[in-house]
Amino acid sequence: MSIRNVARTGVSVIGLVAAGWSCAAAAQQAKEPADEVSQEIVVTGTAIKGVAPVGSATVTLDRTSMVQSGIRDTSQLIALLPQGSNLGTSQNSTGGRQQGVNLRGLGNNATLLLFDGHRWVPQGVVDQISDPTIIPFAAIERIEVVTDGASAIYGSDAVAGVVNYILRKDYEGAEVTARYNSTLYNQYTIEGVVGHKWDTGGFMVGFSYLDRNRVKRNERPYLMQDLRPYGGNDNRLVGTSVVPGAGGALIIGTSVYGLPTTGGAKPTASQAVLLNAALAASSPSVYDSYLFDTGNFYDYFASRKQISGLMKAHQSFGDSVEAKLTVNYNRREGSARATEALQNIAVRLTPSSPFYIAGLPNPTANQTFVYNLGLNFAKDRELTQRNKEDTFNSTLELGAKVFGGFSLDSFVSYGFSTGCNVCQAQANTTISANIANPGLTGYDATFNPFAQGAQAGAEMLIAGFLQEGVFRTLDAGTKLSGSLFDLPGGSAKIAVGGEYTQTWFALKAQNKLNFTNTFQISRNTDSGRKVKSLYAELFVPIFGANNATTLFDQLDLSAAVRYDDYSDFIRSYLAAGAPKTFTTARSEEHT
């Protein structure tokens, strides 16, 4: 079955005009760094070598600026820019996993991340984010940032802008650095780079190792559940959602009762204490004794171990052909204490259950015993959430000088990312509904909800949850660029090319929410996308250094257009300066 809606429009072209009158001081400043500027070729934001991006400026952070900033986090370097944002880019927002880049606060996926001008595979299982920390800081030569949308050049994933990490090419020698940071956490980092060059080529190898400890919530009182000392709420008990102490709690209707620790004996009705605002106000110590703060269990910041390596090599063959190869590998492991509902497991007690407490309101209704397995098992095991990820990227490039000063540049990139987003213990709510009720499937006579400490009968309440994914990308393209003709203001240049991108994603989720407490597949899905692209860019200098006038120092006309055909849902036409993006939507389903 296919559904197709069509909309067509013309392509807009914009001209970028720069006019000005130079004073003597400004002219002198422009002359001083002229030699340095001429050696740097901006490669981001345009398909034409040596010209400014279409419609937006490029901000460059060179190696010296990065080192002097004192920041070694490749993601946070971008957040320092006026156009950068910390929103959603820190590991706090991803459970201590990947980091992204966010320009203008439009989100990680609105900013295109490039490595030496190429797309690499993103990281993550549930949310895929391109993470610049997969490459060693020591391997970066500079960072180029296009601070406005560049969809006409790169496609719709560059709505907010482009960040391009340029890797070192002709590095000679070796460098190793070590750092120790002690702030909210302790972090050890060692990284280095080694390289060698010869007349026709060279290579560079960079590496990095990071080890950071976890940060417990109870190390900062304002990260606890009970925020009453700061004018907030007590989140240990909200409605009938309660985190009890080792003795547990009992829910009947909308009432929550705290229970004492009895060493396994069933409490009497007179021992059950109604937990409410009146008790909290009149006897706060009594109220607190029946509740537990999960801030003593949870981590605010996950521990992290990461190792990354990168190799870049290039070789020229004669005067007209050059080959480049870049390979990157990154492994990241994290862990955090997160018991995921094990601290308040709802155990159903029917009136026929030996653990049913008589003498309380609604004697014919079921009671819910809230069992804090996490607290009772705390001394015997650490119930930890673990995540891991392996990322591999490779890019092979081939450039050749062809006819009339034109160059033909082709590349192919392949990468994959595998990981477990959630690998952790989970409460088995299927068994907890029956475990204390004789005659029902899942009943275990050895389980005693009123016993403190670890017990064999409660083992079946500890289930597991796995969420594993694989993301793969293939990106290939070719581009022909060069000078068309000379004008008084300079050379008119053009670039035309095509690109093919294919992505695959597979997700497999498993849980143990069954009476046998064995893994079962809850979701097993895969998807993919193919994108075929054509693009062209034109640069025409009207006024330049050779024909500057009193009115115009420089006047350039730039135009770019890109056509993308998405196999799954969208076909788009993107033009620089176009007021709107018109699309041809397409949805296909095959059975």
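Before reading further, recall that the structure is shown in the block above.
In this report, we go over the structure that sits alongside the text. The shown structure was predicted, so the numbers you read here are calculated from the model rather than taken from an experiment.

Per the secondary structure count, the protein includes nine helices and 30 strands. Counting only residues that meet the buried cut, the protein has 46% of its 591 residues in that class. Taking contacts inside the protein between residues at least 6 apart in sequence as the whole, the part at least 24 apart equals 68%. About 27800 Å² of surface is accessible on the protein, with carbon and sulfur atoms providing 55% of the total.

Attention shifts here to the pairing of strand E26 (residues 490-511). Strand direction decides the pairing type here: strand E25 (residues 462-487) and E26, joined by 22 bridges, are antiparallel. Its bridge partner lying in E26, Val470 is registered against Ala506. Linking two consecutive strands that pair antiparallel, namely E25 and E26, is a turn of two residues. One ladder, built from 19 bridges, connects E26 with strand E27 (residues 520-543); its direction is antiparallel. Looking at E27, one finds that Thr501 is bridged to Val531.

Here Leu61 is to be found in strand E3 (residues 58-62). Take Leu61: its relative accessible area is 16%, and that puts it in the buried class. Sequence-distant contacts of Leu61, defined by excluding residues within four places in its chain, comprise Met66, Leu77, Leu81, Arg142 and Ile143.

To continue, consider the side chain of Asn393. Tracing the backbone shows Asn393 in strand E23 (residues 384-401). In terms of polar contacts, Asn393 uses its side chain to reach the backbone amide nitrogen of Val121, at 3.0 Å. Excluding residues that lie within four positions of it along the chain, Asn393 makes contacts with Trp120, Val121, Ile134, Thr326, Val327, Asn328, Tyr414 and Gly415.

The next thing to look at is unusual backbone geometry. Phi at Asn362 takes a positive value of approximately 55°, unusual for a residue other than glycine. In this structure, Asn362 sits in the loop between strand E21 (345-349) and strand E22 (367-371). With relative accessibility at 47%, the residue Asn362 sits in the partly exposed group. Positioned with a positive phi, Asn517 is a non-glycine residue whose angle comes to about 55°. By relative accessible area, which is 11% here, Asn517 ends up buried.

Before going further, it helps to spend a moment on the sheet that holds strand E16 (residues 255-258). Taken together, the five strands give an open sheet; going across it, the order is E17-E16-E15-E22-E21, and neighbouring strands pair in antiparallel fashion. Because the sheet does not close on itself, it has two edges, and the strands there are strand E17 (273-274) and E21. Of the pairings in the sheet, the one linking E16 to E17 comprises two bridges and is antiparallel in character. Bridged to Tyr257 within E17 is Leu274.

As a further point, take the state of the cysteines. Inspection of every chain in the model, using the stated rule, returns one disulfide. Paired through a disulfide, Cys420 and Cys423 show a sulfur-sulfur distance of 1.6 Å. With the S-S bond torsion at 130°, the cross-link from Cys420 to Cys423 turns out right-handed.

Another aspect to go through is the sheet that holds E3. Strand order in the open sheet made by the four strands is E3-E7-E8-E6, with mixed pairing throughout. Strands at the two margins of the open sheet, each flanked by one partner only, are E3 and strand E6 (111-115). Strand-to-strand twist of the sheet, defined as the mean angle between neighbouring strand axes without regard to direction, takes the value 15°. Pairing geometry for strand E7 (residues 140-146) and strand E8 (residues 161-167), over six bridges, is antiparallel.

What follows deals with a nonpolar patch on the surface. Judged by side-chain polarity, Val176, Ile190, Phe207, Tyr209, Ile307 and Tyr329 come together as a nonpolar surface patch covering roughly 530 Å² of accessible area. Relative to the assigned elements, Tyr209 resides in strand E11 (residues 201-212).

This next bit is on the pattern of salt bridges. Applying the stated criterion across every chain, the model contains 19 salt bridges. With a shortest N-O distance of 2.7 Å, Asp288 and Arg236 are connected by a salt bridge. In this pair, Asp288 sits in helix H7 (residues 284-289) while Arg236 sits in the loop between strand E12 (215-216) and strand E13 (237-238), placing the two residues 52 residues apart along the sequence.

Attention shifts here to the side chain of Thr350. With respect to the helices and strands, Thr350 occurs in the loop between E21 and E22. The exposure class assigned to Thr350 is buried, which follows from its relative accessible area of 13%. Once residues lying within four places of it in the same chain are set aside, the contact partners of Thr350 are Tyr356, Asn366 and Asn437.

Let us now look at the pairing of strand E15 (residues 249-252). Going residue by residue along E15, you find Ala249 and Ile251 tucked away on one face and Leu250 and Ile252 tucked away on the opposite face as well. Pairing between E15 and E16: four bridges, direction antiparallel. Across the sheet, Ile251 pairs through a bridge with Val256, a residue of E16. In textbook terms, the turn of a hairpin is the stretch between consecutive antiparallel strands, and for E15 and E16 this stretch comprises two residues, one of which, Gly253, has a positive phi near 65°. Across three bridges, the pairing between E15 and E22 is antiparallel. Residue pairing across strands places Ile251 opposite Thr368, the latter belonging to E22.

As a further point, take the nonpolar core. Counting 28 residues, the largest nonpolar core has Leu250, Val347, Leu349, Phe369, Tyr371, Leu373 and Leu461 as its most contacted members. Secondary structure elements with two or more residues in this core: E15, E21, E22 and strand E24 (407-427). The leading source of residues in this core is E21, at three residues. Setting aside residues up to four positions removed in sequence, Leu461 forms contacts with Leu342, Ile345, Tyr371, Leu373, Gln426, Ala427, Asn428, Ile431, Ser432, Ile435 and Phe447. If you look at the next biggest cluster of nonpolar residues, it comprises 27 residues, including Leu81, Val101, Trp120 and Leu310.

For the coordinates displayed, the defined rule picks out 15 aromatic pairs. For the pair Phe115 and Trp120, a centre-to-centre distance of 4.8 Å together with 20° between the ring planes defines the contact as stacked. You can call Trp120 buried: its relative accessible area is 7%. Cluster of aromatic residues (ring-pair linked, three or more members): Phe355, Phe369, Tyr371, Phe447 and Phe450. Here Arg212 stacks its cationic end above the ring of Tyr185, 5.3 Å away from the centre of that ring. The ring of Trp504 is capped by Arg472, whose NZ or CZ atom sits 4.6 Å from the centre of that ring.

Cut-off values and rules
- Residues numbered from 1 in each chain as written.
- Predicted model: local features only at pLDDT ≥ 70, side-chain atom pairs only at ≥ 80, totals over all residues.
- Heavy atoms only, no water.
- Helix = DSSP H or I, 4+ residues; strand = E, 2+ residues; numbered from the N terminus.
- Buried < 20%, exposed > 50% of the residue type's maximum accessible area, 1.4 Å probe, protein only.
- Contact = heavy atoms within 4.5 Å.
- Areas by Shrake-Rupley, 256 points an atom, 1.4 Å probe, with all protein chains shown as cover.
- Pairing = 2+ DSSP bridges.
- Polar contact = N/O pair within 3.5 Å; in protein donor to acceptor, adjacent residues only side chain to side chain.
- Disulfide = S-S within 2.5 Å.
- Axes fitted to C-alpha atoms, helices over the stretch in contact; angles between N-to-C directions.
- Patch = residues over 30% accessible without salt bridge, like charges linked within 9 Å, V, L, I, M, F, W, Y side chains within 5 Å.
- Salt bridge = Lys/Arg side-chain N within 4 Å of Asp/Glu carboxyl O.
- Core = buried A, V, L, I, M, F, W, Y, C linked by side-chain atoms within 4.5 Å.
- Phe/Tyr/Trp six-rings, centres within 6.5 Å; stacked < 30°, edge-to-face > 60°.
- Lys NZ or Arg CZ within 6 Å of the ring centre and 35° of its normal.

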